[in-house]
Amino acid sequence: MSDLLDRLRGRGWRLTSQRRVVAQVLDGDHVHLTADEVHLRAAAHLPEISRATVYNTLGELVALGEVLEVSTVGRAKRYDPNARRPHQHLVCSGCGTVRDVHPAGDALGDLPEAERFGFAVGSVEITYRGLCPACA
């Protein structure tokens, strides 16, 4: 499981009951929920939580760098709590399922100096697309 709650406590982030339930819903490996899915799951634990609170909390978590916002073409953004371990994403073009993958090698190091065009490249995002077994 990811350590999202521990990271937030370590930062001194005020964990209200609403923030805590959002973080608990997001906690885990291969978690890539939409904001609406987060709200639905959070409301199962805390019925009074509003959609606005979920969206605001997700925005704060992204701004803190504790959650990644994953955009997939033509689909709702998804939120990934695995922000501390470098990884890439595998996305199903059919159903939109997202999985974390950890390819061997160094994608940044594999970019030749001549192809950097003078950029001081600090990070790399690679998305692998295809069909999951259920959609194939």
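Rules of the game
Residues numbered from 1 in each chain as written. Predicted model: local features only at pLDDT ≥ 70, side-chain atom pairs only at ≥ 80, totals over all residues. Heavy atoms only, no water. UniProt positions renumbered as here; feature names shortened; annotations may be inferred. Domains from an automatic or database assignment. Contact = heavy atoms within 4.5 Å. Buried area = accessible area lost by both parts, 1.4 Å probe. Salt bridge = Lys/Arg side-chain N within 4 Å of Asp/Glu carboxyl O. Helix = DSSP H or I, 4+ residues; strand = E, 2+ residues; numbered from the N terminus. Buried < 20%, exposed > 50% of the residue type's maximum accessible area, 1.4 Å probe, protein only. Axes fitted to C-alpha atoms, helices over the stretch in contact; angles between N-to-C directions. Parallel < 35°, antiparallel > 145°, perpendicular 65-115°, else oblique. Left-handed = near helix turned anticlockwise from the far one by under 90°. Nonpolar A, V, L, I, M, F, W, Y, C, P; charged D, E, K, R; others polar. Pairing = 2+ DSSP bridges.

Looking at an unreviewed UniProt entry, one finds the protein named Transcriptional repressor and attributed to Streptomyces microflavus. Regarding the protein, the UniProt comment filed under Sequence similarities (unreviewed entry) reads as follows: "Belongs to the Fur family."

Our focus in this paragraph is the domain arrangement of the protein. Often, the extent of an interface is quoted as the loss of accessible area on bringing the components together. By domain assignment, the protein separates into domain 1 (1-78) and domain 2 (86-128). For domain 1 versus domain 2, the separation of C-alpha centres amounts to 24 Å. Listed per partner, the contact involves seven residues of domain 1 and 10 residues of domain 2. When domain 1 packs against domain 2, close to 740 Å² is buried across both sides, 55% of that on carbon and sulfur atoms. If you look at where domain 1 meets domain 2, you find zero salt bridges.

The next thing to look at is the UniProt feature "binding site: Zn(2+)" (unreviewed entry) in the protein. Under the feature "binding site: Zn(2+)" (unreviewed entry), the UniProt entry names C92, C95, C132 and C135. Sequence-wise these annotated residues cover 44 residues; spatially they are packed, their C-alpha atoms never more than 8.1 Å apart. For C92, the residues in contact, after removing those within four places along its chain, are T97, G130, L131, C132 and C135. Residue placement: C132 occurs in the segment after β5 (127-130). For C132, a relative accessible area of 17% puts it in the buried group. Setting aside its immediate chain neighbours within four residues, C132 contacts C92 and C95.

A few words now on the packing of helix α2 (residues 17-26) against helix α4 (residues 51-64). The contact between α2 and α4 brings their axes to 10 Å, and the two run at 70°. As the angle between them shows, α2 and α4 are arranged roughly perpendicular. In this structure, α2 meets α4 at a crossing whose hand is right-handed. Here α2 contributes Q18, R19, V22 and L26 to the contact with α4, which in turn contributes T53, V54, T57, L58, E60 and L61. Partitioning the contact of α2 with α4 into residue classes produces five nonpolar, three polar and two charged.

The side-chain alternation of strand β4 (residues 98-101) yields one buried face, formed by V98 and D100, and one unburied face, formed by R99 and V101. In this sheet, β4 lies alongside strand β3 (residues 88-92) in antiparallel orientation, the contact comprising four bridges. By the bridge assignment, Q88 is partnered in β4 with V101. The antiparallel pairing of β3 with β4 creates a hairpin that spans five residues between the two strands, and G96 there sits at a positive phi of about 90°.

Positive phi is not limited to glycine here, since F117 has a value of about 50°. Positionally, F117 belongs in the loop between β4 and β5. Given the relative accessible area of 64%, F117 is considered exposed.

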